[in-house]
Amino acid sequence: MRSDIEILSDSVKLPCGAVIPNRICKAAMTEGLAGPTNIANERHVELYRRWGESGAGLHITGNVLVDRWHLERGGNIAIDGPQGNEALAGLADMASAAKAKGAHIWMQINHPGRQTQKMINKRPSAPSNVGLKMGNGRFGKPIPMTEDEIENTIAAHVNAAVVAEQTGFDGVQFHAAHGYLMSQFLSPLSNIRTDKWGGDLQGRALFLMEIVRRTRDAVKPGFAVTVKLNSSDFQKGGFSDDDSVIVADWLQDAGVDMIELSGGNYEQPRMIDFDRKDPKADKKKRESTRKREAYFLDFVPHLREHLKIPLMVTGGFRTASAMGRAVEEDNIDMVGLARPFCVDTDVGTRLLNGEISKINDMSENTRIGRGLLSPTSPISFLRDLNAWGELGWYYEQIYRLADGKDPDYDLTGFKALMAFDKTEAATAKAIAR
Ligand SMILES: Cc1cc2nc3c(=O)[nH]c(=O)nc-3n(C[C@H](O)[C@H](O)[C@H](O)COP(=O)(O)O)c2cc1C
């Protein structure tokens, strides 16, 4: 029997011909490091230099936005239209820093749609005028996109992919998960259009499929075109696991090189194993999920019935044994890890040389408090604060890494939440548009 280390050290060949040196991927984490002009800078380069030395075979950038009026955070990189020399040089330096030790890097491309905060845009564009049912006033009521806007937004995604190729990235990942624009088109709850961009699943998937097909035609055959897809939105009447299996098949037929499986959205942030609606969900979690750690693995067997292309699963993996089993028994190809890379920049190497078999992601330190103030608080507003606080904690660690510092394990969840709110507001205010 092969050891977990041997299994995780295997290279992975993609349909486009690219070979990723091992099965560990640093999954996408929004960096928030861009200044008011939303271009890559020396802090991105330092962050990806460190992650490039982490032992992961693949790096996926935090989401890069295709429209500076629609940002997921004020500090996002935005690629909308032709790029100036400084922007191109920043991206090229970031890509080569990540690749210096032989890893690959893909740019994650996104548009947040209705998940754009008011401090960025009070009237975000979305498939339909269905607003988020959360956020305590943080999000504006969306304006339905016109057909022209839809076409322009598809073209903007293709343009960003072409820029990624020009600047040395090995591929792109379109972010069709977590409730952002592509995911909003897919869901019958957020897409109630009656034209060709809505209606049945085929109509709702058209936006994503056009982005993928047109990108495949625009880039070289060896460039990886991939998608992050929800296994489910975990909402009654939303994008379901059956829908996900069908869309994954269509993506395979359209020449996608890998699918990364995730789940949830801002209303149900299951991507970080958080249940806003049901604070007791963790206790009820299926025993199998508990043992397998990774909380989207249960969706893989159905998906694998037809899917032959490489599959990555992200969310919850923390032990080499769970990762090895997922490859051997569930037939996944890559293991996505996000939070661990914020607290240990050598985590890939340490897993692959056997120095550690279990990762401590320090998530206990991200709690804003206990009892009523805990993530399982009966008060939904406080549960929301915990989810933002947890993200804020990891954002602060990313800032430290980008500034050449080590992670601060003593940072409290409450302090991180305060810092996060202040930085986000200041960056949003400073954006040059
Ligand atoms: C700080 C932070 C930022 C994130 N940013 C992104 C992002 O830009 N794009 C994305 O697809 N997922 C993003 N995610 C989700 C992760 O890619 C991943 O799906 C999730 O954290 C579960 O993996 P983990 O348990 O290994 O952390 C982010 C997660 C965290 C913690």
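Residues numbered from 1 in each chain as written. Predicted model: local features only at pLDDT ≥ 70, side-chain atom pairs only at ≥ 80, totals over all residues. Heavy atoms only, no water.

Caption draft 1: The arrangement of empty space enclosed by the protein in detail. Considering all chains together, one arrives at two cavities of 30 Å³ or more under this definition. In this model, the largest cavity occupies a volume close to 730 Å³. Around the largest cavity, the lining is made up of 40 residues, and of these H178, M271, I272, L391 and Y395 lie nearest the centre. If you list the elements that add at least two residues to the lining of the largest cavity, you get β13 (334-337), α14 (380-402) and α15 (413-430). Partitioned by chemical class, the residues of the lining of the largest cavity number 20 nonpolar, 12 polar and eight charged. Here the second largest cavity defines a volume of roughly 60 Å³. Around the second largest cavity, the lining residues are R114, Q115, G179, S183, Q184, S187, L189, S190, D233, Q235 and N265. Residue classes in the lining of the second largest cavity are distributed as one nonpolar, eight polar and two charged. (1 Å grid on protein atoms, 1.4 Å probe; cavity = no way out; pocket = protein on both sides within 12 Å on 5 of 7 lines; lining within 4 Å. Points joined across faces, edges and corners; volume = space filled by probe spheres on them. Helix = DSSP H or I, 4+ residues; strand = E, 2+ residues; numbered from the N terminus. Nonpolar A, V, L, I, M, F, W, Y, C, P; charged D, E, K, R; others polar.)

Caption draft 2: Representation of the packing of helix α4 (residues 147-166) against helix α6 (residues 201-218). One can describe the packing of α4 onto α6 by two numbers: an axis separation of 9 Å at closest approach and a directional angle of 40 degrees. When the axis of α4 is compared with that of α6, the two are oblique. Between α4 and α6 the crossing geometry is right-handed. Mapping the contact onto sequence places I150, E151, T153, I154, H157, V158, A161, V162 and E165 in α4 and F207, E210, I211, R214, T215 and A218 in α6. Tallied by class, residues from the contact of α4 with α6 come to eight nonpolar, three polar and four charged. (Axes fitted to C-alpha atoms, helices over the stretch in contact; angles between N-to-C directions. Parallel < 35°, antiparallel > 145°, perpendicular 65-115°, else oblique. Left-handed = near helix turned anticlockwise from the far one by under 90°. Contact = heavy atoms within 4.5 Å.)

From the geometry alone we can't say anything about function, so treat these as descriptive.
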